[in-house]
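Overview (structure and organization)
Residue-level listing of the chains:
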Amino acid sequence: MTRMAPERQALREAVAAFARNRLAPALPLDDGELSSEANRDLLKGAAELGLPGLLIPEEYGGGGGTQLDNAIVAEELGAVDAGFAAGLNLTMTVPGLILAAGTPEQKERWLPGIAVGETVLAGAMNEPSVAGSELFDPRPGPESGYRTRAVREGDEYVISGAKAQWVTNAGVADAYVTFARTATDRAGVESTSAFWVPAGTAGLSCGPRSRLLGLRTGFHAEVFFDEVRVPASSRIGSEGEALRLLMSTTPGMAVGLAATFVGVARAAEDLARAHTASRHSWGRPLREHQAVALDLAEMAVTVRTARLLVHEAATALDGGGDPSELAVLVPAAKTRAVDAAIQCAQTAVRLHGATGVTTGAGPEKLLRDAWTGYPCDFTREMLHLGIAAALPAV
Ligand SMILES: Cc1cc2nc3c(=O)[nH]c(=O)nc-3n(C[C@H](O)[C@H](O)[C@H](O)COP(=O)(O)OP(=O)(O)OC[C@H]3O[C@@H](n4cnc5c(N)ncnc54)[C@H](O)[C@@H]3O)c2cc1C
């Protein structure tokens with residue numbers, strides 16, 4: 001671990017202690033689901049450390065932290081449980097949308113509750129019958145994009161539609177930030193609008209909890225909007241602005257997720273080092289066989305290069321870096337981190353022999369969590385296409 005400023009080092013140590021002493025003991029032994037009560041209790045602990053509001057400015061009760069702080073926090077949590085880390089990351093980074101486009105009144109109304117951990121957020125965007133990658137459709141027509149509609153009626157919008165079964169925090173969130181089309185005759189990029197919908201609003205409901213390959217401690221479910229009425233003052237930003245806003249707030253989310261998967265890669269490296277030191281074959285610890293030693297070295301390089309890229313992306317975001325460079329760095333950090341997690345978890349599974357494929361032993365959970373990161377947020381292909389589009393010709 002590279003040397004850090006003392007305040008950031010203190011944050012890292014506090015989060016590492018929380019992850020070790022509260023998160024790890026709360027995890028179901030069979031890698032089953034975390035109960036919503038256990039999740040709330042953990043979130044309370046995270047709030048005591050100021051994590052939900054870490055990125056919210058101090059004037060709204062937040063910590064006024066940076067994306068590099070976010071990366072430090074997410075890696076420590078991800079090294080213990082990526083499912084919990086990814087859920088918290090959502091509450092931490094969706095407010096970026098409100099900070100970027102909310103009115104002063106919206107900021108006063110919503111941000112303090114998020115900052116103190118009272119308001120858990122979900123971002124309900126993807127839809128069951130629309131490919132998530134449609135968001136990047138470069139065609140100018142209205143035919144692609146979300147189907148959920150928001151129709152203006154006087155001082156209200158009426159939202160109707162369904163969001164896909166992977167909405168993180170669905171069922172446990174206190175508020176849903178959702179995207180709906182406010183026009184159908186224009187391309188999605190010009191006709192998608194963002195809304196704040198409190199849990200419990202008439203017509204809002206969630207499907208059963210989805211069972212995923214990994215991140216099983218997280219909460220994921222479909223979200224249904226059956227003529228949900230919200231005041232016009234619940235719209236975040238202008239009509240038609242939501243996709244552009246998403247692109248400006250997604251970087252923080254991507255950095256948090258990327259760091260979470262650096263944590264997964266690091267946990268795999270740690271497990272592999274411990275196991276190959278304690279298990280013996282041919283009269284010596286496994287790690288003293290050169291073939292195994294080379295695997296350990298490869299993992300060490302993979303974790304550190306992924307972390308460096310994530311920190312570079314976070315630092316560039318904090319410095320308000322050149323947008324064309326950020327358009328390369330941020331997706332690169334997310335894909336590299338997930339690749340690193342998959343590679344390291346695979347090696348850890350292999351180096352553990354049969355223990356590696358045994359539930360409860362550790363490496364197999366890391367491999368499942370790592371793979372679940374692949375479509376989480378945006379897929380590797382979409383991110384790489386974005387990188388290619390951002391690269392200058394010369
Ligand atoms: C753990 C988890 C949490 C999630 N949380 C949320 C959430 O909180 N809110 C939310 O709204 N959504 C959430 N999602 C959904 C996620 O954002 C989408 O799954 C993701 O954007 C991919 O969309 P898709 O699954 O529809 O895949 P598709 O878009 O159908 O893609 C399928 C495959 O085709 C490839 N592909 C598609 N189009 C192209 C193309 N033009 N060129 C090359 N390859 C292409 C993709 O890369 C992928 O490999 C979550 C998903 C997961 C797994």
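For the structure itself, look to the data block above.
Right, let's walk through the structure included here. (Residues numbered from 1 in each chain as written. Predicted model: local features only at pLDDT ≥ 70, side-chain atom pairs only at ≥ 80, totals over all residues.)

**Things to note about the nonpolar core**
Selection criterion: By our criterion, buried Ala, Val, Leu, Ile, Met, Phe, Trp, Tyr and Cys residues that link up through C-beta atoms within 7 Å make up a nonpolar core. Any residue surrounded by 20 or more other C-beta atoms within 10 Å of its C-beta is treated as buried, while 12 or fewer makes it exposed and the intermediate range makes it partly exposed; C-beta atoms here are placed from the backbone. Only DSSP runs of H or I reaching four residues or more are called helices, and only runs of E reaching two or more are called strands; each is numbered from the N terminus. What counts as a contact here is a pair of residues whose C-beta atoms, placed from the backbone, lie within 7 Å.
Among the nonpolar cores identified, the biggest contains 114 residues, and V255, F261, A268, V310, A333, A341 and A345 are the most heavily contacted of them. Sorting elements by how many residues they give to this core places helix α8 (residues 242-278) first, with 18 residues. Not counting residues up to four positions away in its chain, the partners in contact with A341 are F261, V264, A265, A370 and G373.

**Some thoughts on the pairing of strand β2 (residues 149-153)**
This is how the line gets drawn: Paired strands are those between which DSSP finds at least two bridges.
As judged from the five bridges shared by β2 and strand β3 (residues 156-168), these two strands associate in the antiparallel manner. Paired with E153 across the two strands is E156, which belongs to β3. What sits between β2 and β3 in their antiparallel hairpin is a turn of two residues, with G154 showing a positive phi close to 60°.

**Looking at the site of the ligand**
Note the following rule: For each residue, a C-beta atom is placed from the backbone, and the residue is labelled near a molecule or strand when this atom is within 6 Å of it.
By nearness alone, 22 residues border the ligand, and M125, G132, S133, T379 and E381 come closest of all. Counting residues per element, the ones that place at least two in the shell around the ligand are β1 (121-124), β3 and α12 (380-390). With three residues, β3 is the largest single contributor of residues to the shell around the ligand.

**A look at the packing of helix α4 (residues 82-93) against α8**
Keep this limit in mind: Axis definition: a line fitted to C-alpha atoms, over the contacting stretch in the case of helices. Angles run 0 to 180 degrees between N-to-C directions. Our angle categories are set so that under 35 degrees counts as roughly parallel, over 145 as roughly antiparallel, 65 to 115 as roughly perpendicular, and the remainder as oblique. Here a crossing is called left-handed whenever its near helix is offset anticlockwise from the far helix by less than a right angle, and right-handed whenever the offset is clockwise. Three residue categories are used. Nonpolar comprises Ala, Val, Leu, Ile, Met, Phe, Trp, Tyr, Cys and Pro, charged comprises Asp, Glu, Lys and Arg, and polar comprises the others, including Gly.
Taken N-terminus to C-terminus, the directions of α4 and α8 make an angle of 160°; their axes are 10 Å apart at the nearest point. Between α4 and α8, the angle is such that the two are roughly antiparallel. For the pair α4 and α8, the crossing hand works out as right-handed. Across the interface between the two elements, A82, A85, A86, N89, M92 and T93 of α4 pack against T249, G252, M253, G256, L257, T260, F261, G263 and V264 of α8. The residue inventory of the contact of α4 with α8, partitioned by class, reads eight nonpolar, seven polar and no charged.

**A short note on helix α6 (residues 104-115)**
Threshold: Working rule for helices: expected span equals 1.5 Å times residues minus one. Along the arc lie the directions from the helix axis toward the C-beta atoms.
Across its 12 residues, α6 extends 16 Å between first and last C-alpha, which sits within 8% of the 16 Å expected from 1.5 Å per residue. Those residues of α6 not exposed but buried are W110, L111, I114 and A115. Along the axis of α6, the buried positions cluster into a sector of 130°, meaning they face one direction only. Along α6, exposed side chains directed more than 90 degrees from the buried face belong to E105 and E108. Those residues of α6 hidden inside the fold are in contact with α4, α5 (95-101), β1 and β5 (192-198). The positive-phi residue at the C-terminal boundary of α6 is G117, with phi of around 85°.

**Concerning the pairing of strand β4 (residues 175-181)**
With seven of its seven residues buried, β4 lies for the most part within the structure. What you see with β4 is no split at all: A175, V177, F179 and R181 on one side and Y176, T178 and A180 on the other are buried throughout. Both β1 and β4 contribute to a ladder of four bridges, which runs parallel. Among the inter-strand pairings, A124 is bridged to a residue of β4, identified as T178. Note: β4 against β5, seven bridges, orientation antiparallel. From the neighbouring strand, V177 faces β5, where its bridge partner is W196.

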